[in-house]
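Here are the chains, one letter per residue:
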Amino acid sequence: MSSQEELTLIKQCQNGDLSSFSYLYDLYLEKIYRFIYYRVSHRETAEDLSSQTFLKALKSISSSNFSGKNFSAWLYKIAYNTVIDHYRSNKKEMDLDKVFDLSSDENLPEQTDKNQRIDLIRKATEFLSPKQKDVLIMRVWDELSYKEIALISGDSEENCKVIFSRAVGKLKDSLPLEYFALLLLLNLFKIN
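A quick note: this is a predicted structure, and the numbers were derived from the prediction, not measured.

Draft legend 1. Structural context of helix H6 (residues 130-141). In this model, H6 (12 residues) spans 15 Å end to end at C-alpha, consistent with the 16 Å of a helix rising 1.5 Å per residue. The buried fraction of H6 is high, at 9 of 12 residues. For H6, every residue scored as buried is listed here: Gln132, Lys133, Asp134, Val135, Leu136, Ile137, Met138, Val140 and Trp141. Following H6 by one or two positions, glutamate 143 adopts a phi angle in the positive range, close to 55°.

Right under this line is the structure:
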């Protein structure tokens, strides 16, 4: 879908045609789900939080909360805040060593392989600051631009570039060469 088509759908939603939102939902559902899943490590929770994200977006698309520019970054910001709200309301810290839900409908060997790769990434990034980890994950895993990361995190675009660069440098300096090479072979931390 072109950015012009996306903008047309957004305008239709803002003008009261909420059925147009279903196209935006279809376009972003998988991306938002993956974004949330990495942060909560639980399939059902990620599904619930993804639903909440889209519900919040649907309710706010006509309000002053959304200017009509960069829908993607706005939606990721809602998802990011929804995850934060989830952890605050459950009074839990984001636990990156959490056990994965293997009871999903996915193929067990495929899920196990995916979990091993996610575990490798988590171990490699455990010594990064939370901000470095967030920026690194949004840039590499979620494939967001620095501009989108800046809008989501509230930092400047330039600061996001610096944070990313320092995180990669820390990984490179702190990991054995074979480990860093393995991460690169995993398509720069990309799981799917």
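Back to the write-up after that little detour.
Draft legend 2. Examining the pattern of salt bridges more closely. Applying the stated criterion to the full structure yields 4 salt bridges. With a shortest N-O distance of 3.9 Å, aspartate 85 and lysine 56 are connected by a salt bridge. Taken together, the residues span a long stretch of sequence, with aspartate 85 in helix H4 (residues 71-89) and lysine 56 in helix H3 (residues 43-60) at a distance of 29 residues. When its relative accessible area of 32% is taken as the criterion, lysine 56 is described as partly exposed. Members of the salt-bridge network, linked through shared partners, are Arg43, Glu44 and Glu47.

Definitions and cut-offs
- Position numbers for residues start from 1 in each chain and track the written sequence from start to end.
- With the structure being a predicted model, the display of local features is reserved for residues of pLDDT at least 70 and the display and counting of side-chain atom pairs for 80 or more, all residues being used for whole-chain, interface and lining totals.
- Side-chain figures throughout are based on the complete set of non-hydrogen atoms in the structure, without hydrogens or water.
- Helix and strand definitions follow DSSP, with helices as H or I runs of at least four residues and strands as E runs of at least two, each counted in order from the N terminus.
- Expected span of a helix, by definition, is 1.5 Å for each gap between consecutive residues, and there is one gap fewer than residues.
- Buried residues are those whose accessible area, probed at 1.4 Å on protein chains only, stays under 20% of the maximum for their type, while exposed residues exceed 50% and partly exposed ones sit between those limits.
- Any carboxyl oxygen of Asp or Glu that lies within 4 Å of a side-chain nitrogen of Lys or Arg is treated as forming a salt bridge with it.

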